[in-house]
Amino acid sequence: MKKIVLSIGLCFTLIIISCTEKDTTFLITEDTIGPLNKSTDIKTLETIFNLDSIVRDSSNLNLGASTKKIKVFEKGGKPLLLLTPNLDTIQTIENVQILDDRYISSNGITKASTFKDILANFEIKKVVTTINSVVIFPKESNLYFTIDKTELPSNLRYTKTAIEAVQIPDEAKIKYLMLGWD
């Protein structure tokens, strides 16, 4: 009798666990980040983040086009995301900068991760060297990462030559975690 009750209890527990919905508030996938996805219309942001604050910033580019960056803050004032809309007639999100460490990719990468974590989860497609940083583009991913040159060995910090992935120390911290949608 005890075995039957124990078996029924175990089955009931498994059913409850399997039916509970996974919290995706801070989950990053290839096509989503929290409640946002590739086709989210900019006009719906106020509804999606109704408990949070949205600040729109206007700036003119040298090209004459106007871009409006949108910063999303948590109710307590903590910055969550910086969104860049595309310039299409129906504006959707083109680029997302993740500002909060609670956002985590499906393979465990956060803004607090290191280059070693990136290497453990992605194959590197390209490393782009800029004046102050290196940008890492993984293969088959919409995520990309910026590492400040101050995280590199001193002989690489001021070079204008291309830096390769093997030259980046494992402990180099991510400065910017970005998600780009075409």
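Reading the values: rules and limits
Residues numbered from 1 in each chain as written. Predicted model: local features only at pLDDT ≥ 70, side-chain atom pairs only at ≥ 80, totals over all residues. Heavy atoms only, no water. Helix = DSSP H or I, 4+ residues; strand = E, 2+ residues; numbered from the N terminus. Buried < 20%, exposed > 50% of the residue type's maximum accessible area, 1.4 Å probe, protein only. Contact = heavy atoms within 4.5 Å. Areas by Shrake-Rupley, 256 points an atom, 1.4 Å probe, with all protein chains shown as cover. Pairing = 2+ DSSP bridges. Salt bridge = Lys/Arg side-chain N within 4 Å of Asp/Glu carboxyl O. Polar contact = N/O pair within 3.5 Å; in protein donor to acceptor, adjacent residues only side chain to side chain. Phe/Tyr/Trp six-rings, centres within 6.5 Å; stacked < 30°, edge-to-face > 60°. Lys NZ or Arg CZ within 6 Å of the ring centre and 35° of its normal.

1. Considerations on the overall build of the chain
The helix and strand inventory of the chain stands at three helices and 12 strands. Going through the 182 residues of the chain one by one, you find that 36% of them count as buried. In the chain, 45% of the contacts between residues at least 6 apart in sequence involve partners at least 24 apart. Surface summary for the chain: the accessible area is close to 11,700 Å², and the carbon and sulfur share equals 55%.

2. Brief notes about the pairing of strand E7 (residues 93-98)
Across the six residues that make up E7, a large majority, five, are buried. Two strands pair when backbone bridges link them, and strand E6 (residues 79-85) and E7 are joined in this way by five bridges, in the antiparallel orientation. Counted as the bridge partner of Leu 81 is Ile 98 from E7.

3. Considerations on the environment of Leu 36
Among the secondary structure elements, Leu 36 is positioned in strand E3 (residues 36-37). According to the relative accessible area criterion, Leu 36 is buried, its value standing at 1%. As for Leu 36 and Ile 48, which are separated by 12 residues in sequence, their C-alpha atoms are 8.1 Å apart. Contact partners of Leu 36, with chain neighbours within four places excluded, come to Asp 31, Leu 45, Ile 48, Phe 49, Leu 81, Leu 83, Ile 93 and Trp 181.

4. A few points about unusual backbone geometry
Located in the positive-phi region is Glu 140, a residue other than glycine, with phi close to 50°. By the secondary structure assignment, Glu 140 is in the loop between strand E10 (133-138) and strand E11 (143-148).

5. Remarks on the pattern of salt bridges
Applying the stated criterion to the full structure yields seven salt bridges. A salt bridge links Asp 31 to Lys 38; the shortest N-O distance between them is 3.9 Å. Note on Asp 31: relative accessible area 40%, which makes it partly exposed. In this structure, Lys 139 engages Glu 123 in a salt bridge whose closest nitrogen and oxygen atoms are separated by 2.9 Å. Here the residue Lys 139 occupies a position in the loop between E10 and E11, and Glu 123 occupies one in the loop between helix H3 (115-121) and strand E9 (124-129), the gap between them amounting to 16 residues. By relative accessible area, which is 38% here, Lys 139 ends up partly exposed. Overall, Glu 123 belongs to the exposed group, its relative accessible area being 52%. Taken together, the shared-partner salt bridges connect Glu 74, Lys 78, Asp 100 and Arg 102 into one network.

6. Some points on the side chain of Thr 110
Inspection of the secondary structure puts Thr 110 in the loop between strand E8 (104-105) and H3. A polar contact of 3.1 Å, which involves the side chain of Thr 110, links it to the backbone nitrogen of Ala 112. When sequence neighbours within four positions are dropped, the list of residues in contact with Thr 110 reads Asp 101, Tyr 103, Ile 104, Ile 174 and Leu 177.

7. A few points about the packing of aromatic side chains
Here the structure, examined in full by the defined rule, presents three aromatic pairs. Geometrically, the ring pair formed by Phe 26 and Tyr 103 is edge-to-face, given 4.9 Å between the ring centres and 75° between the ring planes. One end of the pair, Phe 26, is in the loop between helix H1 (2-19) and strand E1 (27-28); the other, Tyr 103, is in the loop between E7 and E8, and 77 residues separate them in sequence. Here Tyr 103 falls in the buried class, since its relative accessible area comes to 2%. Relative to Phe 145, the ring of Phe 122 has its centre 5.8 Å away and its plane inclined at 55°; by these criteria the two rings are tilted. Taken together, the residues span a long stretch of sequence, with Phe 122 in the loop between H3 and E9 and Phe 145 in strand E11 at a distance of 23 residues. Assigned by exposure class, Phe 122 and Phe 145 land together as buried. Above the face of the Phe 137 ring, Lys 126 is positioned so that its terminal group lies 5.4 Å from the ring centre.

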